[in-house]
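Remarks on the overall topology
The residues making up each chain are set out below.
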Amino acid sequence: MLFKDEMLRCYLIGGSQDTHHDPAEFLTKVEAAMQAGITAFQYREKGTSTLSKAETLALGQQVQELAAAIQADGIHVGQKDQRIEEVLAAVGDQLTVGYSCNTAAQVAHANQLAVDYIGTGPVFPTISKDDAGSALGVDGLADFVEQSVHPVVAIGGISLDNAGATLTSGCAGLSMISMVLGADDVAGTVKKILELY
């Protein structure tokens, strides 16, 4: 799969913990977001998730079946996940690989790696991730965008009110959880994000 920066424009992240621990609601909202045109989706079942390992795998399989229509294949590696070098060695160029970077040192490390993009944040305070750290702000994000040799997707506390300002940093795209999965009108929210480009 050939990675393109445009894939980061409207990047949804989430799991059942983001839809009241209701896998059916989660799948319904993810499908609506896909149909509305999200450009990437990362299944992330963690934090307060109440699913067992078997339930997590089953839900992941259902998400993968939904995503098959748009031929989505990739992996995103956090700083606390498996070592990025091991992941890159295992997947080669078969999958799109993203990497979370929240400090200048992590961005510098990512610059030496064959990842496709980095995820940076939180840009603003967020309630979606307990261990997100302090907010960078748009200026801090812009510094990381300038430092990175890879395209940057912004994450953390992004809303329709601050999305336009976030894009002034030069980031390639916006990543969101509650802005979409918590929306009453998922499709309308996705369309508003895409209209910013």
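For clarity, every value in this text was computed on a predicted model and none was experimentally measured.

Along helix 5 (residues 137-147), the residues that are buried comprise V138, G140, L141, F144 and V145. One side of helix 5 carries all its buried residues, which in axial view fall inside an arc of 160 degrees. Structural note: helix 5 exposes D139 and E146 on the side pointing more than 90 degrees away from its buried face. Taken together, the buried residues of helix 5 touch helix 4 (104-110), strand 5 (117-120), strand 6 (152-154) and helix 6 (163-167).

Time to look at the pattern of salt bridges. Tallied over the full model, the rule gives two salt bridges. For the salt bridge of K29 with E25, the shortest nitrogen-to-oxygen distance reads 3.6 Å. Note that K29 and E25 are positioned in helix 1 (residues 23-36) at a spacing of four residues, about one turn of the helix. A salt bridge links E85 to R83, with the nearest nitrogen and oxygen atoms 3.3 Å apart.

Attention shifts here to the side chain of S100. Its place among the elements puts S100 in strand 4 (residues 96-100). Within the structure, the side chain of S100 is placed 2.8 Å from the side chain of H76, a separation counted as a polar contact. Discounting residues that sit within four places of it in the chain, S100 has contacts with H76, V77, G78, Q79, Q106 and G119.

With respect to the secondary-structure elements, G119 resides in strand 5. Residue classification places G119 among the buried positions, given a relative accessible area of 6%. Separated by 57 residues in the primary sequence, G119 and Q62 place their C-alpha atoms 25 Å from one another. When neighbours within four sequence positions are excluded, G119 is seen to be in contact with H76, Y99, S100, C101, N102 and V153.

Across the sheet, seven strands lie side by side as 2-1-7-6-5-4-3; this open sheet has parallel pairing. Each end of this open sheet is capped by a strand with a single partner; those strands are strand 2 (40-43) and strand 3 (74-77). Across this sheet, the average inter-strand angle for adjacent strands is 25 degrees, counted without regard to direction. Where strand 5 lies against strand 6, three bridges are found, and the strand directions are parallel. Residue G119 lies in a different strand from strand 6, and its bridge partner there is V153. Here helix 1 sits on the sheet in contact with strand 1 (10-14) and strand 2, set at roughly 160 degrees to strand 2. The strands that helix 5 touches are strand 5 and strand 6; relative to strand 6, the one it contacts most, it runs at about 165 degrees.

Scoring rules and cut-offs
Residues numbered from 1 in each chain as written. Predicted model: local features only at pLDDT ≥ 70, side-chain atom pairs only at ≥ 80, totals over all residues. Heavy atoms only, no water. Buried < 20%, exposed > 50% of the residue type's maximum accessible area, 1.4 Å probe, protein only. Helix = DSSP H or I, 4+ residues; strand = E, 2+ residues; numbered from the N terminus. Arc of directions from axis to C-beta. Contact = heavy atoms within 4.5 Å. Salt bridge = Lys/Arg side-chain N within 4 Å of Asp/Glu carboxyl O. Polar contact = N/O pair within 3.5 Å; in protein donor to acceptor, adjacent residues only side chain to side chain. Pairing = 2+ DSSP bridges. Axes fitted to C-alpha atoms, helices over the stretch in contact; angles between N-to-C directions.

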